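# Inside the fold
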Amino acid sequence: MGKTYERIDGRLRTFIEEQPLFFTATAPLAGDGTVNLSPKGLRGSFAVLDELTLAYLDFAGSNAETIAHLRENGRITLMWCAFQGPPNIVRVHGHGEAVFRDDPRFAELLTRFPDVDPSLHGLRAVIVVHAELIRDSCGYAVPYLAYEADRDLHGKRFAREDDATLSAYFEKKDHIAVSLDGLPGLPLPLPPSSV
């Protein structure tokens, strides 16, 4: 039933790029640490960079667990599942990193997301994932769900922030600069945005 792939191309790449929703999972090294699982949406905020490299835009939110875990150990799993069409689940296991706004690679990475205005969403970083194991499975138990549209609430909320007010917002939150488990999270204050 399940198959292992050497690269992300062809039918597999098309499937991944067509999904309006995916999930990220990370965990700290500590055995009693908090496992984090996050849904990610917003069309255009995900990109396949090459056959073994993927990236997504990391926007403002109430915590920074993924960033903290990636800074500590880099382990990450991405998952897509088909809510329409033939049943399918794809998981990419690998290592990732948060490319922050002051990284020389940041501006070039942003060019890979031409359909999203990152200034509307409080962009914090670009998460880059290097695939080490790519597998699919049947997805027979995944329900049919209809995608209607992206919610516009996130953009409406964070479009009114500039670099200073966004940093102030993050500094007030308990789990942005430091994770739930006390790991370093998002470096603050945010460097100036070039977008």
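Residues numbered from 1 in each chain as written. Predicted model: local features only at pLDDT ≥ 70, side-chain atom pairs only at ≥ 80, totals over all residues. Heavy atoms only, no water.

### Observations concerning the environment of Gly85
Topologically, Gly85 is positioned in the loop between β6 (75-81) and β7 (89-100). Residue Gly85 is classed as partly exposed on the basis of its relative accessible area of 41%. Considered as a pair, Gly85 and Tyr144 are 59 residues apart in the sequence and their alpha carbons are 8.3 Å apart. (Helix = DSSP H or I, 4+ residues; strand = E, 2+ residues; numbered from the N terminus. Buried < 20%, exposed > 50% of the residue type's maximum accessible area, 1.4 Å probe, protein only.)

### Describing helix α1 (residues 10-18)
The α-helix advances 3.6 residues per turn, and as a result positions three or four apart in sequence lie on the same side. Inspection of α1 places Leu12, Phe15 and Ile16 among the buried residues, and these make up the whole buried set. The buried residues of α1 all sit within an arc of 95 degrees when viewed along its axis, so they share a single face. In α1, the exposed positions angled more than 90 degrees off the buried face are occupied by Arg11 and Glu18. Where α1 is buried, its residues contact β1 (3-5), β4 (46-50), β6, β7 and β8 (125-137). (Arc of directions from axis to C-beta. Contact = heavy atoms within 4.5 Å.)

### What about the packing of aromatic side chains?
Applying the stated criterion across every chain yields a total of six aromatic pairs. By way of ring pairs, the aromatic residues Phe22, Phe46, Tyr56 and Trp80 are connected into one cluster. For Arg43, the ring lying beneath its charged end belongs to Tyr147, and the centroid distance is 4.7 Å. The ring centre of Phe158 lies 4.6 Å from the NZ or CZ of Arg157, which sits over that ring. (Phe/Tyr/Trp six-rings, centres within 6.5 Å; stacked < 30°, edge-to-face > 60°. Lys NZ or Arg CZ within 6 Å of the ring centre and 35° of its normal.)

### Some points on the nonpolar core
If you look at soluble globular proteins, the nonpolar side chains tend to sit buried side by side. If you look at the biggest cluster of nonpolar residues, it comprises 34 residues, and the most contacted ones within it are Ile16, Phe46, Leu54, Leu78 and Trp80. It is β8 that contributes the most residues to this core, five residues altogether. Among residues more than four places away in sequence, those in contact with Leu78 are Phe22, Phe23, Thr24, Phe46, Leu54, Tyr56, Val90, Arg91, Val92 and Val129. Counting residues in each nonpolar core, the second largest holds 14 residues, with Leu49, Phe113, Val116 and Leu123 among its members. (Core = buried A, V, L, I, M, F, W, Y, C linked by side-chain atoms within 4.5 Å.)

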